[in-house]
Protein chains: 2
Amino acid sequence: MTKQRIVIDMDDVMAATASKFIKLYNEKNHTNLKESDFLGKKFYEVVNPESYREIHERVYEIGFFRDIEVMKDAIEVIRKLHEKYEVFIVSAATEFPNSLKEKIDWLAEYFPFISWRNIVFCGDKSIVSADVMIDDHEKNLSTFKGRRLMFDAIHNQQIHDYERVKSWKEIEALLLP
Amino acid sequence: MTKQRIVIDMDDVMAATASKFIKLYNEKNHTNLKESDFLGKKFYEVVNPESYREIHERVYEIGFFRDIEVMKDAIEVIRKLHEKYEVFIVSAATEFPNSLKEKIDWLAEYFPFISWRNIVFCGDKSIVSADVMIDDHEKNLSTFKGRRLMFDAIHNQQIHDYERVKSWKEIEALLLP
């Protein structure tokens, strides 16, 4: 039987990108914000928009993506998914040309079992077809035809139209019963 | 009405990659081969396999993709396609991490009307879904569900299972009647 295909997003799903932004914001503003400070709030209720925008511009810089931390349990669960499913990593990264090689190097470091054949960089994920999508952005999930898992993130707390997963352990329980 | 989506390959469809290989081969071997010397022949009947493999390894080098010439009439016809269709550029490039930014820079130089939103880099094109695919490789066309146009190339002369196009002007006549 053909294996089902799962497409997995990188930022804020495999990689703790929001944590890096908060860390940079704290360093710049001498604050001590944690992800939990954002729970149930709108993002700009917590940060200073002007200051945050400056931090966010750093995504265009060389090196920004290379040292982001891996999300808890992602390596262990994605390795298991990789055995049962065809796992594709799909990152909306073409907006950030410097990120592309960094993201490949990052994947090679933490997910060496993922082949280059199973990596996709794009701008608009509606071009991708598969059976399951795990993503934190509604814009990516909304056009997807298969099963849609919204990975819990600071910025998607107000969206309730998708099956929500809060951790890789939850994904393991759902997809590897 | 929603526009139809066309996915267009880069190497040997938009970019004259085979010509660059032949040029490098000629320089190294003091030969004077042209693309027309390959017509109706198997590739390795014309080149020395050992010497060609060395040339081909250069695809991994920084800069290899950046200076490849644009295929004849590609800019003009793709600009017209872009008006009538949703054009996505889809290149199987993740095998060559150094090529990714170069390919974005190359597209920005010759096809500035193509947004980063419409660029896809992948390893296995079977993940991509659209209405029309223009590609020179059977491995990419064979799993595609829409209309499949095989772009004429040295290496695909023995394959007769696809609608074949020999130039961008032929594509214009077919898709922009």
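Here, every reference points to the structure presented above.
The following refers to the structure shown. (Residues numbered from 1 in each chain as written. Chains lettered and ligands numbered in written order. Predicted model: local features only at pLDDT ≥ 70, side-chain atom pairs only at ≥ 80, totals over all residues. Heavy atoms only, no water.)

Structural notes on the packing of helix α4 (residues 74-84) of chain A against helix α7 (residues 168-175) of chain A
Residue and element names in this part refer to chain A.
Argument step 1. The contact between α4 and α7 brings their axes to 9 Å, and the two run at 20°. In terms of their interaxial angle, α4 and α7 are classed as roughly parallel. Of the two elements, α4 crosses α7, and the hand of that crossing is left-handed. Across the interface between the two elements, Ala74, Glu76, Val77, Ile78, Lys80, Leu81 and Lys84 from α4 touch Trp168, Lys169, Ile171, Glu172 and Leu175 from α7.
Argument step 2. Looking at the contact of α4 with α7 residue by residue, the classes come out as seven nonpolar, no polar and five charged. (Axes fitted to C-alpha atoms, helices over the stretch in contact; angles between N-to-C directions. Helix = DSSP H or I, 4+ residues; strand = E, 2+ residues; numbered from the N terminus. Parallel < 35°, antiparallel > 145°, perpendicular 65-115°, else oblique. Left-handed = near helix turned anticlockwise from the far one by under 90°. Contact = heavy atoms within 4.5 Å. Nonpolar A, V, L, I, M, F, W, Y, C, P; charged D, E, K, R; others polar.)

What about the pairing of strand β1 (residues 5-8) of chain A?
All names here are of chain A.
Argument step 1. Side chains Arg5 and Val7 project from β1 onto one buried face, and the interleaved Ile6 and Ile8 project onto a second face that is buried too.
Argument step 2. When β1 meets strand β2 (residues 86-92), the two strands line up parallel, connected through four bridges. Pairing of Arg5 across the sheet is with Glu86, part of β2.
Argument step 3. Taken together, the three bridges between β1 and strand β4 (residues 132-135) define a ladder with parallel strand orientation. The residue of β4 that forms the bridge with Ile6 is Val132. (Buried < 20%, exposed > 50% of the residue type's maximum accessible area, 1.4 Å probe, protein only. Pairing = 2+ DSSP bridges.)

A closer look at the environment of Glu54 of chain A
Residues and elements named next belong to chain A.
Argument step 1. With respect to the element layout, Glu54 can be found in helix α3 (residues 49-56).
Argument step 2. For the pair Glu54 and Lys41, spaced 13 residues apart in the sequence, the C-alpha separation amounts to 21 Å.
Argument step 3. At 2.8 Å, the side chain of Glu54 and the side chain of Lys28 are in polar contact. (Polar contact = N/O pair within 3.5 Å; in protein donor to acceptor, adjacent residues only side chain to side chain.)

Digging into the interface of chain B and chain A
Argument step 1. Contact with chain B, which involves 23 residues of that partner, is made by 23 residues of chain A.
Argument step 2. Summed over both partners, the interface of chain B with chain A comes to about 2,100 Å²; 67% of that surface belongs to carbon and sulfur atoms.
Argument step 3. A per-residue breakdown of the area chain B buries against chain A is headed by Thr94, Trp116 and Ile127 of chain B, which together make up 29% of the total.
Argument step 4. Taken together, chain B and chain A are joined by nine residue pairs in polar contact (both at pLDDT 80 or more).
Argument step 5. Put simply, the parts of the chain that give the side of chain B that touches chain A at least two residues each are β1 (5-8), α5 (99-110) and β3 (119-122) of chain B.
Argument step 6. No other element matches β3 of chain B, which puts four residues into the side of chain B that touches chain A.
Argument step 7. Tallied by class, the residues present in the side of chain B that touches chain A amount to 13 nonpolar, five polar and five charged. (Buried area = accessible area lost by both parts, 1.4 Å probe.)

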